[in-house]
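These are the residues of each chain, in order.
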Amino acid sequence: MYLSTIDRPRGGDHARRGMRGTVAAVGTNVLALGTVSLLTDISAEMVTAVLPLYFALALHMGPAAYGLMDGLYTGATALLRLVGGYAADRTRRRKAVAGAGYGISALAKLGLVAAGSSVPALGAVIVADRAGKGLRTAPRDALITLSVPEPLLGRAFGIHRTMDSMGAFAGPLAALGLLAVVGATSPAAFHALFLTSFCIAAVGLLALAALARDPRDERPVAPAAVSFRRAGALLRSPALRRLLCAAGLLGLATVGDGFVYLLLMRRQSIPAGWFPLMAVGTNLVYLLLAAPLGSLADRLGRRTVLLAGYGALLAVYLLLSSPLSGARLTVAALCCYGTFYAATDGVLMALAGPLLPTALRTTGLACVQTVQALAYFGSSVAFGLAWSGWGSTAATAAAAGATLLAVTATAVLLRDHTDAGADA
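Right, let's walk through the structure included here. (Residues numbered from 1 in each chain as written. Predicted model: local features only at pLDDT ≥ 70, side-chain atom pairs only at ≥ 80, totals over all residues. Heavy atoms only, no water.)

A closer look at the overall build of the protein chain
Okay, so step 1: In terms of regular secondary structure, the protein chain is built from 18 helices and zero strands.
Okay, so step 2: Relative to its full complement of 424 residues, the protein chain shows a buried share of 56%.
Okay, so step 3: Here the protein chain displays about 16200 Å² of accessible surface, and carbon together with sulfur accounts for 68% of that area. (Helix = DSSP H or I, 4+ residues; strand = E, 2+ residues; numbered from the N terminus. Buried < 20%, exposed > 50% of the residue type's maximum accessible area, 1.4 Å probe, protein only. Areas by Shrake-Rupley, 256 points an atom, 1.4 Å probe, with all protein chains shown as cover.)

This is how it looks when you write it as structure tokens:
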């Protein structure tokens, strides 16, 4: 399989079947996994939408401390992605490994209640929550890649991410409602929110067990096909190494939602109770664009759409470092931010999937996600320190410069070439 083939997918029989054939090819498993992600994201985004507010207002964290917690939230358990990916491939029980991850994250919501205002305890709970995400993400994405033909991967991930973003859209609205009823900075409001989040996550776990299936490979895979030696041999693929380098560079250019929303709140003097609406705005754009951009990636090229998405992220940083203010700044920044997520989240996995042999598909996707998560951890810590030392405007301008360099380097790394992928 060649990277140039991925960037310009061949039509194939599946691509010529029309809309009815596309829906049939994407199938019920993608819809089932999308339902699980929808419920899980309602639960997760209820918490994620208020954590920056909780850390900044209730716990009085500065930018550097928040950067550490934000990096921990996404990057500290990155290596568990490899554990989850390898375990899923080794046992060929991707659904079970994903279910374990969903279960750990659900229980972590109860841990947030028990942790109270203890920063070390909160850090431990956040690690547990992200451990669950680290375990589930690669097996879930591998299930998607194994459920649809390669020419429709962009569309399948687009449909899945659309359903995922429906939950991400609804979660902050639910959080906003609870904060409005109980009080924006009341501990009781946060505890009620965390308990509600747990209940919704539990329903998502039940949906995974009841609705999703674990596709079996058409050709039986010998146990020897999944080993540490063969997993390490994935890195011999020049195309995959380039993709890993690109994922790392792009991860270093991403400072995180919390920083973007805190900067917007600071620029607009937005009341604390309305803070979750910024996540709602981002996720609404994501919801509207995920499926169309996934389909566009299959037609126009996944690399092209991926780079355009990071161009939208660059626009966010330029807006935040500009002298602009007012509602127009907020709307423009959130539209660009939602476009960034819609054009990159599932598209990167669709780009990576065909490079990987079926027997090690989950492990390979976990490698890409691990590199990206570790880079994100570094970017969050660095941005928090830069904000503390240089001020928010200079730190955001530096992030814009880093993004421009990362996009340029990625365009070079992933340009058309003839290096064979894993299945060549």
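Here we look at the nonpolar core
Okay, so step 1: Ranked by size, the top nonpolar core spans 103 residues in total, and within it Leu 243, Val 260, Tyr 261, Leu 264, Leu 306, Val 368 and Phe 383 carry the most contacts.
Okay, so step 2: Top contributing element to this core by residue count: helix H16 (residues 327-352), with 13 residues.
Okay, so step 3: Not counting the four nearest positions on each side in its chain, Leu 306 is found in contact with Leu 250, Ala 343, Thr 344, Val 347, Leu 348, Leu 351 and Leu 414. (Core = buried A, V, L, I, M, F, W, Y, C linked by side-chain atoms within 4.5 Å. Contact = heavy atoms within 4.5 Å.)

Topic: the packing of aromatic side chains
Okay, so step 1: Summed over all chains, the structure comprises nine aromatic pairs.
Okay, so step 2: Aromatic side chains Phe 259 and Phe 383 sit 4.8 Å apart centroid to centroid with 65° between the ring planes, which places their arrangement in the edge-to-face category. With Phe 259 in helix H13 (residues 257-268) and Phe 383 in helix H17 (residues 361-390), this pair connects stretches of sequence that are 124 residues apart. Accessibility assignment for this pair places Phe 259 and Phe 383 in one class, buried.
Okay, so step 3: Centre to centre, the rings of Phe 383 and Trp 387 are 6.3 Å apart; their planes meet at 70°, and the pair counts as edge-to-face. Placement of the pair is Phe 383 and Trp 387 together in helix H17, with a separation of four residues, close to one helical turn. The same class applies to Phe 383 as to Trp 387, namely buried.
Okay, so step 4: Aromatic rings pair up to connect Tyr 261, Tyr 286, Tyr 310, Tyr 337, Phe 340 and Tyr 341 into one cluster. (Phe/Tyr/Trp six-rings, centres within 6.5 Å; stacked < 30°, edge-to-face > 60°.)

Some points on a nonpolar patch on the surface
Okay, so step 1: Together, Leu 107, Leu 110 and Leu 195 make up an exposed nonpolar region whose accessible area comes to about 260 Å².
Okay, so step 2: As for its position among the elements, Leu 195 is in helix H10 (residues 187-211).
Okay, so step 3: Of the residues examined, Leu 195 reaches a relative accessible area of 41% and is grouped as partly exposed. (Patch = residues over 30% accessible without salt bridge, like charges linked within 9 Å, V, L, I, M, F, W, Y side chains within 5 Å. Salt bridge = Lys/Arg side-chain N within 4 Å of Asp/Glu carboxyl O.)

A few points about helix H14 (residues 276-300)
Okay, so step 1: Across its 25 residues, H14 extends 34 Å between first and last C-alpha, which sits within 8% of the 36 Å expected from 1.5 Å per residue.
Okay, so step 2: Its maximal kink placed at Leu 289, H14 deviates by approximately 40°, while the proline Pro 292 follows within four residues. (Expected span 1.5 Å × (residues − 1). Bend = angle between axes of the 7 residues up to and from the residue.)

Focus: the environment of Gly 391
Okay, so step 1: As for its position among the elements, Gly 391 is in the loop between H17 and helix H18 (392-413).
Okay, so step 2: Spatially, the C-alpha atoms of Gly 391 and Pro 63 are 9.8 Å apart, while their sequence positions differ by 328 residues.

Quick word on the side chain of Thr 410
Okay, so step 1: Its location among the elements puts Thr 410 in helix H18.
Okay, so step 2: For Thr 410, a relative accessible area of 0% gives the class buried.
Okay, so step 3: In terms of polar contacts, Thr 410 uses its side chain to reach the backbone carbonyl oxygen of Ala 406, at 2.8 Å.
Okay, so step 4: Filtering out sequence-adjacent residues up to four positions away, Thr 410 remains in contact with Ala 246, Leu 250 and Leu 307. (Polar contact = N/O pair within 3.5 Å; in protein donor to acceptor, adjacent residues only side chain to side chain.)

Some remarks on the environment of Gly 134
Okay, so step 1: Along the chain, the position of Gly 134 falls in helix H8 (residues 119-147).
Okay, so step 2: By relative accessible area, Gly 134 is classed as buried at 0%.
Okay, so step 3: Taking C-alpha positions, Gly 134 is 7.2 Å from Gly 101, a pair spaced 33 residues apart along the chain.
Okay, so step 4: With residues up to four places along the chain from it excluded, the contact list for Gly 134 reads Leu 80 and Arg 81.

Here's the deal with the packing of H13 against H14
Okay, so step 1: Look at H13 against H14: their axes get within 10 Å of each other, and the N-to-C directions meet at 120°. Judged by the inter-axis angle, H13 sits oblique to H14. The handedness of the crossing between H13 and H14 comes out as right-handed. Facing H13, whose interface residues are Tyr 261, Leu 264 and Met 265, H14 presents Met 278, Ala 279 and Thr 282.
Okay, so step 2: Grouping the amino acids of the contact of H13 with H14 by side-chain chemistry returns five nonpolar, one polar and no charged. (Axes fitted to C-alpha atoms, helices over the stretch in contact; angles between N-to-C directions. Parallel < 35°, antiparallel > 145°, perpendicular 65-115°, else oblique. Left-handed = near helix turned anticlockwise from the far one by under 90°. Nonpolar A, V, L, I, M, F, W, Y, C, P; charged D, E, K, R; others polar.)

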